[in-house]
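Listed below, chain by chain, are the residues.
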Number of protein chains: 2
Amino acid sequence: MTKKINFTDVTLRDGQQSLLATRVRTEDLLPAAEKLDKAGFWSLEVWGGATFDVCLRYLKEDPWERLRKIKEVAPNTPLEMLLRGQNLVGYRHYPDDVVEEFVKKAADNGIDVFRIFDALNDVRNMEVAISVAKEKGKTVKGVLSYTISPVHTIEYYVNVAKQLKDLGVDIISIKDQAGILSPKVAYELVKTLKDEIKLPVHLHAQTTAAMAEMSCLKAVEAGVDIIDTDVSTWSWLTAHPAAETMAYVLKEFGYQVDIDLNIIEEVAEYLKEVRKKYKKYDTAEKWPDSEVLIHQIPGGMMSNFIAQLKENDALDKLDEVKKEVARVREDLGYPPLVTPTSQIVGTQALLNVLQGGRYKVVTKEVKDYVKGLYGRPPAPIKPEIIGKIIGDEEIIQVRPADLLEPELDKCTKEAYEAGAKSPEDVLSYCLFPSVAKEFFEWREAYERGEALPPQIEELSEKQECDT
Amino acid sequence: MTKKINFTDVTLRDGQQSLLATRVRTEDLLPAAEKLDKAGFWSLEVWGGATFDVCLRYLKEDPWERLRKIKEVAPNTPLEMLLRGQNLVGYRHYPDDVVEEFVKKAADNGIDVFRIFDALNDVRNMEVAISVAKEKGKTVKGVLSYTISPVHTIEYYVNVAKQLKDLGVDIISIKDQAGILSPKVAYELVKTLKDEIKLPVHLHAQTTAAMAEMSCLKAVEAGVDIIDTDVSTWSWLTAHPAAETMAYVLKEFGYQVDIDLNIIEEVAEYLKEVRKKYKKYDTAEKWPDSEVLIHQIPGGMMSNFIAQLKENDALDKLDEVKKEVARVREDLGYPPLVTPTSQIVGTQALLNVLQGGRYKVVTKEVKDYVKGLYGRPPAPIKPEIIGKIIGDEEIIQVRPADLLEPELDKCTKEAYEAGAKSPEDVLSYCLFPSVAKEFFEWREAYERGEALPPQIEELSEKQECDT
Ligand SMILES: [Co+2]
Ligand SMILES: [Co+2]
């Protein structure tokens, strides 16, 4: 029997987020969405991640309207979003009432598949979003955030997957955000998950280190059910494998792939032209970040170190900082080097080297992390490190969001005062108050004919986000 | 027992030819060669292909001097060159005396491994070069030029490999110049060659369509002995897989890879800087040419069609031309769409569409091809096509070079008149008379202090070549 391999197209969310700083306008996405809807994908990832923030902040677009417009032109294929667990599409934990309302409204406006993750794999940060999405009758991909460390073993991921299954997710989803999942581990991880969890398995891998195609192929050999791809002209580099290439390769091996390559080709041609308009954001290097495989330090983090050390006239300490990253990461129980923990670890490592002593100066973020406010670290933190960093302060044992007061009533009131016109506007405000307020003000001025949409040429600096 | 996978570094020849139009100067290559020499590669491909022509034509460098200088800084690792069989490093068949002298001098100046190919896999075009290289005690990789067609079956390649083995090659080498070798075929081809030919097998694959990493991995699983890689910062896109990534992936699977990644990392950092100097040649698209997998027409050929059709105000005929390419290719016995046969097929396909009738106008190149002057087509050409194209003219049955008079004496005399100073200069002249003459003249002026080396900013248009 021929096994069918399902494809999720992530071009319009993660593809543009990875390659074009998430700056692509809805009007440029819609013609692609309309065609992709007819191409046979299992789902189209079109929302979430950084798109929400960037719509409001830089494009002066209503992210909810984008979702509805996409749903309108792409009614046949399930629409998917990436959701950062209790962080939703923002950068801090939101209280449960906001999370509940957000997931409900996302479902009501068109999301059919929720891909829900937490950088620390603390399922307590995912459980509310999962349960609301399930209550709304939607499909949930419960994510394993992949990283490499002595504690991130196959058994570790199987354990997280079991917790996700208990929470009712439909699919176990591996998220290799840094592009460091080797083909060998991809094979073993998928094989073990298929054997032990008995749920469909999905793989999302970035091509950053030029491994993703190989990892997808080995994952397929191990039984993976869904892989993520981009249309070729918005694929590769820091994004994902090309749909056309993976479809060709897998069909050659005899797998069933129901993607219409003629449609994809049309979309590829179209997106190639669109890409030119966003040239100033198209800054990904033309070579793989293979260094991350040698030192486990992603290229973006490394360039940041070099810049900061130069500023401090201490470039000779780069090797020391690299080693310190590994030590800090170990101290903190091996958080993955992805947003936000990459910033937390990186900044502290720099301070430890530049301030002439480890943890002489400690950032607020590291303190909060050690207190458990981001969630449970992958491995326990040693008592002496805890003492060094937070002294006698207490570590929370509860779910971080349990400490948060409900916010929805308060921010609803404030939102309408700030210019919100709908429950969706209210959510935009609850997540990003000042950005949303500015957007509402711009919108009113625009409707009065007193403001123009920002020109793409005016859109400002590249934003670093999880991809 | 752990199987060792050998790596050949092709950065300094095919890497720069694929990504930087072969324009990188010797002085920029030497520091990399010196370090790569200590990194544990099986060989370093540093010469041949387009480098010879470009040295003389654009860089005003003596290609022989480049080779000697590289040998000087990299004395430990075997140096490899790509040789186009009877075409040597040029674009026409040279008579045997020139071929013999060229191969001897290449060996004398430092080449240890000859990778010898013919685009049509006509081993008669390779036999003289192979036998001279073997007489000189050198290692020969006998190449299978990979393409896709109904006649290019596994059996076809095994048959060519047997002929190469009979000619005494040391290694069977698969050359996937267009990046169209799928992982499935890579596996089957390598497996069959290993079983039936009993020689080491080498794979050279371009990443153009984002398949090469997967194909290398499957080739390794099938028993391949050597793969070709670039240092990461000159890898990927239209070049080859990154050494660092492939080393990491294969080591994870338990293969023995004796590459020193710390040295590679230093070279990667160095080459990243060098690459900036050649920015104007750094024009490869940032996405894979996946279209070639759908239509078998390489991206470069397609852009050429679009340009030519636009010029003739006939862009609406693009689909017709695409189909005509397939028909012409079939008519001509399935030559591969690589230099020079891609140009031969492409031009004729355009003419067939634009001149209002198939073969109403026939190029000299197609006539020569049909007459057998390029070698034996992969499949026999149908009599009616032969009649249409060359009428009653005769098809040669002998080896094409058998028709060529010796040239060495005549061109030696001319070469010294033109300013040659050494037997190596003579060969430069025999291959590229006018280009070499201009170079000799420049060199004399330079030595008199009356000319400067061309600035890289002045180096002219990108050259299309086999890679
Ligand atoms: Co991603
Ligand atoms: Co090549």
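Quick caveat: nothing in here was measured; it's all calculated off a predicted structure. (Residues numbered from 1 in each chain as written. Chains lettered and ligands numbered in written order. Predicted model: local features only at pLDDT ≥ 70, side-chain atom pairs only at ≥ 80, totals over all residues. Heavy atoms only, no water.)

As for the overall build of chain A
The following threshold applies: Working definition: helices are DSSP H or I runs of at least four residues, strands are E runs of at least two. Numbering for both runs from the N terminus. Taken over C-alpha atoms, the radius of gyration is set against a globule rule of 2.2 Å times the number of residues to the power 0.38. Residue burial is assigned from relative accessible area. The probe radius is 1.4 Å, only protein chains are included, and a residue is buried under 20% of its type maximum, exposed over 50%, and partly exposed in between. Two residue types count as positive, namely Lys and Arg, and two as negative, namely Asp and Glu; His and chain ends fall outside the count. Where a charge lies is defined by one atom per residue type: Lys uses NZ, Arg uses CZ, Asp uses CG and Glu uses CD.
Looking only at helices and strands, chain A features 20 helices and eight strands. Over its C-alpha atoms chain A spans a radius of gyration of 22 Å, differing by no more than 12% from the 23 Å that the globule rule assigns to 467 residues. Here the C-alpha coordinates of chain A stretch approximately 60 × 60 × 45 Å along the principal axes. For chain A, the residues scored as buried account for 65% of the 467 residues in total. Averaging the positions of the 61 positive and the 79 negative side-chain charges in chain A gives two centres separated by 1 Å.

Let's talk about the pairing of strand E2 (residues 43–48) of chain A
Residue and element names in this part refer to chain A. Put simply, the test is: By definition, two strands form a pair when at least two bridges between them are found by DSSP.
Of all six residues in E2, six are buried, a share of seventy percent or more. Where E2 and strand E3 (residues 79–83) come together, four bridges link them in parallel fashion. Paired with Trp 47 across the bridge in E3 is Met 81.

A short note on unusual backbone geometry
With an omega of 0°, the peptide bond running from A:Thr339 to A:Pro340 counts as cis. Look at A:Gln296: it is not a glycine, yet its phi comes out positive at around 65°. Its location among the elements puts A:Gln296 in the loop between helix H12 (291–295) and helix H13 (299–311). Phi is positive for B:Ala210, close to 65°, though the residue is something other than glycine. The exposure class of B:Ala210 is buried, given its relative accessible area of 1%.

Some words on the pattern of salt bridges
For clarity, the cut-off: The salt bridge criterion pairs a side-chain nitrogen of Lys or Arg with a carboxyl oxygen of Asp or Glu, the two atoms within 4 Å.
This model, assessed by the stated rule, comprises 87 salt bridges over all chains. A:Glu61 is the salt-bridge partner of A:Arg66, the closest N and O atoms lying 3.4 Å from each other. Both residues of the pair, A:Arg66 and A:Glu61, belong to the buried class. Ionic pairing is found between B:Lys272 and B:Glu269, a salt bridge with its closest N-O pair at 3.4 Å. Residue B:Lys272 and its partner B:Glu269 are both found in helix H11 (residues 261–277); the two are separated by three residues, about one turn of the helix. By sharing partners, the salt bridges in this structure join A:Arg13, A:Asp14, A:Glu45, A:Glu80, A:Arg115 and A:Lys141 into a single network.

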